[in-house]
Amino acid sequence: ETNALVSSINEVNSNITQASVYPNPSKEFATIVYDSKLNSETKIQLFDLAGRKYYESSFNSKSGLNAQTISLPSLADGLYHMILSAGNEKLNFKLVVAQ
């Protein structure tokens, strides 16, 4: 049996709503699912607690439900900071990696 924590954010007055990251803790990959009110360029960044960037990807989001999966190979076990940004908005998540 695996215990999983889903990190999620509910933003009422923003472009990105209903955002969540799973599985959390993650091993080989993590998926971020979010609802976007508009078509927009979106970016995911992943940092360790010291502020070192380990991952960055930009992609186009469409209005409605979106999902983006990121690969987590060779990341050390620990707590990471994930940022989902679209335009001037930034949503922050904590992601636990347990290989």
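Model, not experiment: these values are computed from the prediction.

Thresholds, definitions, all that
- Residues numbered from 1 in each chain as written.
- Predicted model: local features only at pLDDT ≥ 70, side-chain atom pairs only at ≥ 80, totals over all residues.
- Heavy atoms only, no water.
- Salt bridge = Lys/Arg side-chain N within 4 Å of Asp/Glu carboxyl O.
- Helix = DSSP H or I, 4+ residues; strand = E, 2+ residues; numbered from the N terminus.
- Buried < 20%, exposed > 50% of the residue type's maximum accessible area, 1.4 Å probe, protein only.
- Polar contact = N/O pair within 3.5 Å; in protein donor to acceptor, adjacent residues only side chain to side chain.
- Contact = heavy atoms within 4.5 Å.
- Pairing = 2+ DSSP bridges.
- Axes fitted to C-alpha atoms, helices over the stretch in contact; angles between N-to-C directions.
- Core = buried A, V, L, I, M, F, W, Y, C linked by side-chain atoms within 4.5 Å.

Trainee: For the pattern of salt bridges, give the residues involved together with the corresponding values.
Mentor: Under the counting rule described, the total for this entry stands at three salt bridges. In this structure, Glu56 and Lys43 form a salt bridge, with 3.6 Å as the shortest nitrogen-oxygen distance. With Glu56 in strand S5 (residues 53-61) and Lys43 in strand S4 (residues 40-48), this pair connects stretches of sequence that are 13 residues apart. Residue class for Glu56 comes out partly exposed when judged on its relative accessible area of 40%. Via salt bridges that share partners, Lys43, Lys53 and Glu56 belong to a single interconnected network.

Trainee: Let's hear about the side chain of Asn15: which residues, and what values?
Mentor: By the secondary structure assignment, Asn15 is in the loop between strand S1 (7-9) and strand S2 (16-22). At a separation of 3.5 Å, a polar atom in the side chain of Asn15 contacts the side chain of Ser40. Setting aside residues no more than four positions away along its own chain, Asn15 makes contact with Asp35, Ser36, Lys37, Leu38, Ser40, Ala86 and Glu89.

Trainee: Which residues make up the side chain of Gln45, and what values do they have?
Mentor: On the secondary structure map, Gln45 appears in strand S4. Gln45 sits in the buried class, given a relative accessible area of 11%.

Trainee: So what's going on with the sheet that holds strand S7 (residues 78-86)? Residues and values would help.
Mentor: Backbone hydrogen bonds are what pair the strands of a sheet, in a parallel or an antiparallel way. Here four strands make up an open sheet; going across it, the order is S5-S4-S7-S8 and the pairing antiparallel. The open sheet has two free edges, formed respectively by S5 and strand S8 (89-97), since each of these has just one partner strand. Strand-to-strand twist across the sheet, computed as the mean angle between neighbouring axes with direction ignored, equals 20°. Relative to S7, S4 is paired through seven bridges, and the arrangement is antiparallel. Its bridge partner being in S7, Gln45 is matched across the sheet by Ile83.

Trainee: Can you explain the nonpolar core? Please cite residues and give values.
Mentor: When a protein is soluble and globular, its nonpolar side chains tend to lie buried together. Among the nonpolar cores identified, the biggest contains 20 residues, and Ile32, Leu72, Met82, Leu84 and Phe93 are the most heavily contacted of them. Setting aside residues up to four positions removed in sequence, Met82 forms contacts with Val21, Ile32, Ile44, Gln45, Leu46, Ile70, Leu91, Asn92, Phe93 and Leu95.

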